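Here's the letter readout for the chains.
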Amino acid sequence: MRFRHPDGSTVHLAYCTNVHPAETLDGVLAQLRDHCEPVRRRLGRDRLGIGLWLAKDAAHALVTDPSALRGLRTELDRRGLEVVTLNGFPYEGFGAEEVKYRVYRPDWADPARLAHTTDLARVLAGLLPDDVTEGSISTLPLAWRTAYDAERAATAMTALGTLAERLDALAELTGRSIRVGLEPEPGCTVETTADAIAPLTDIGHDRIGICVDTCHLATSFEDPDTALDALTRARVPVVKSQLSAALHAEHPHLPEVREALAAFDEPRFLHQTRTATAAGLRGTDDLGEALKGDTLPDASPWRAHFHVPLHAAPAAPLTSTLPVLKSALTRLVGGPHPLTRHLEVETYTWQALPPELRPRARAQLADGIAAELTLARDLLTDLGLKELP
């Protein structure tokens, strides 16, 4: 979906296909047919943006076989779909029964991460619509914190510098500018937007910036205006923003709130949980840990890294951080010029919701994704952007 900003520039809105995980190119093509095109039809649009997630094997197949890449581009066009952004965070196995910490491997100290991200950039340059010259890729925020020492940090920074050089060369070769954004996430080396400023300033290259995920922003209790002002002052480019909402519990000390939270403690994904205290941010790596006794202080609200559907906040006594998303979006695209032109709804946890909230058929999932995109569209038009055909 495309929108005209009051300054005349085009803002792109997509939804991320990691909600339909597939490890192979055939699986990706099936996604387009079974999920993405039905969502487009529900929205009544001739064109729908999707943020592709390409696992390692699918990306490698596309980058080594020009005919396969042309075939994917043809299939996108045939189904009324377009791609300006990729989710390069998960490497493989995102559809596994248990993902948890695996999603952070390989990290940026591992040569495999650089190789994969380079493949993604080359693929995206070939998938961009004919009238679009800029693409974006979100990626792991360096590494999960526990196995990251000074030597690995130096290796990671060197890898990102090499990536910047490759992106420059790709732009010269293809005329397509691909930018990569570190996506701060709780528990990682770069947990907050503030954590991203130093490494991104050190790299000092406009093709390497930040991806602001509004669920992660909220989980870490970051104020959107403060965070985005700091990024602007540091001249860190916002490559893209993922529009998402976290799980919010206002009174986590109450038994009924603990019980409601427990329904979201599921075995597939990691749900880092945070609370803001007078001594600073406190947290656990997963929601189940937070619910055990007094592991996490409960005098103040808790937020958990659980991407809940934008249009459907959990039932009381829980809610979502949709207000944080709205505040961030106002700052991102509501000013005289957009801070980013690539927006992506990323709710990959539909099948991880409590059983009674999960879609039971493809049609229900398509309805839900279309409802999320409708909400995002309405927020954009309320900010003065005009939806384009």
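These numbers come from a predicted model, not from an experiment.

Overview of the overall build of the protein
Phase 1 of the analysis: Of regular secondary structure, the protein possesses 12 helices and 15 strands.
Phase 2 of the analysis: Radius of gyration (C-alpha) of the protein: 20 Å, near the 21 Å computed for a compact globule of 389 residues.
Phase 3 of the analysis: On the principal axes, the C-alpha backbone points of the protein span a range of 55 × 50 × 45 Å.
Phase 4 of the analysis: A total of 389 residues make up the protein; the buried ones form 59% of that total.
Phase 5 of the analysis: For the protein, long-range pairs separated by at least 24 residues make up 79% of all intrachain contacts whose partners lie at least 6 apart in sequence.

Considering unusual backbone geometry
Note on backbone geometry: most residues besides glycine have negative phi, and most peptide bonds are trans.
Phase 1 of the analysis: For the peptide bond that leads from R105 to P106, omega is -10°, which places it in the cis range.
Phase 2 of the analysis: Along the chain, P106 falls in the loop between β4 (81-87) and α4 (111-127).
Phase 3 of the analysis: Of note in the backbone geometry, L142 takes a positive phi value of approximately 75° without being a glycine.
Phase 4 of the analysis: Here L142 is to be found in the loop between β5 (134-139) and α5 (150-174).

Overview of the pattern of salt bridges
Phase 1 of the analysis: In total, this model carries 26 salt bridges according to the counting rule given.
Phase 2 of the analysis: Across the salt bridge formed by K56 and E92, the nearest N and O atoms sit 3.6 Å from each other. Note that K56 is positioned in helix α2 (residues 56-64) and E92 in the loop between β4 and α4, a separation of 36 residues in sequence.
Phase 3 of the analysis: Given a relative accessible area of 39%, E92 falls into the partly exposed group.
Phase 4 of the analysis: Each of E37, R40, R41, E75, R78 and R79 takes part in a single network of salt bridges with overlapping partners.

Some points on the nonpolar core
Phase 1 of the analysis: Counting 114 residues, the largest nonpolar core has L13, Y15, I50, L54, W108 and L373 as its most contacted members.
Phase 2 of the analysis: If one sorts the elements of this core by residue count, helix α12 (residues 362-382) sits on top with nine residues.
Phase 3 of the analysis: If you look at the next biggest cluster of nonpolar residues, it comprises five residues, including L217, A218, A227 and A328.

Quick look at α5
Phase 1 of the analysis: Here α5 is 25 residues long and its end C-alpha atoms lie 36 Å apart, about the 36 Å a rise of 1.5 Å per residue gives.
Phase 2 of the analysis: Every buried residue belonging to α5 is among A156, A159, L160, L163, A164, L167, L170 and A171, and all of these are buried.
Phase 3 of the analysis: Elements in contact with the buried residues of α5: α4, β6 (177-182), α6 (193-203) and β7 (208-213).
Phase 4 of the analysis: G175 lies just past α5 and shows a positive phi near 75°.

With respect to helix α8 (residues 224-233)
Phase 1 of the analysis: Along α8, the positions that sit buried rather than exposed are P224, A227, L228 and L231. Looking straight down α8, one finds that the buried residues subtend no more than 90° of arc, so they occupy a single side. Opposite the packed face of α8, turned more than 90 degrees from it, sit the exposed residues T226 and R233.
Phase 2 of the analysis: Looking at the residues trailing α8, positive phi occurs at R235, about 60°.

Rules of the game
- Residues numbered from 1 in each chain as written.
- Predicted model: local features only at pLDDT ≥ 70, side-chain atom pairs only at ≥ 80, totals over all residues.
- Heavy atoms only, no water.
- Helix = DSSP H or I, 4+ residues; strand = E, 2+ residues; numbered from the N terminus.
- Rg over C-alpha atoms; globule rule 2.2 N^0.38 Å.
- Buried < 20%, exposed > 50% of the residue type's maximum accessible area, 1.4 Å probe, protein only.
- Contact = heavy atoms within 4.5 Å.
- Salt bridge = Lys/Arg side-chain N within 4 Å of Asp/Glu carboxyl O.
- Core = buried A, V, L, I, M, F, W, Y, C linked by side-chain atoms within 4.5 Å.
- Expected span 1.5 Å × (residues − 1).
- Arc of directions from axis to C-beta.

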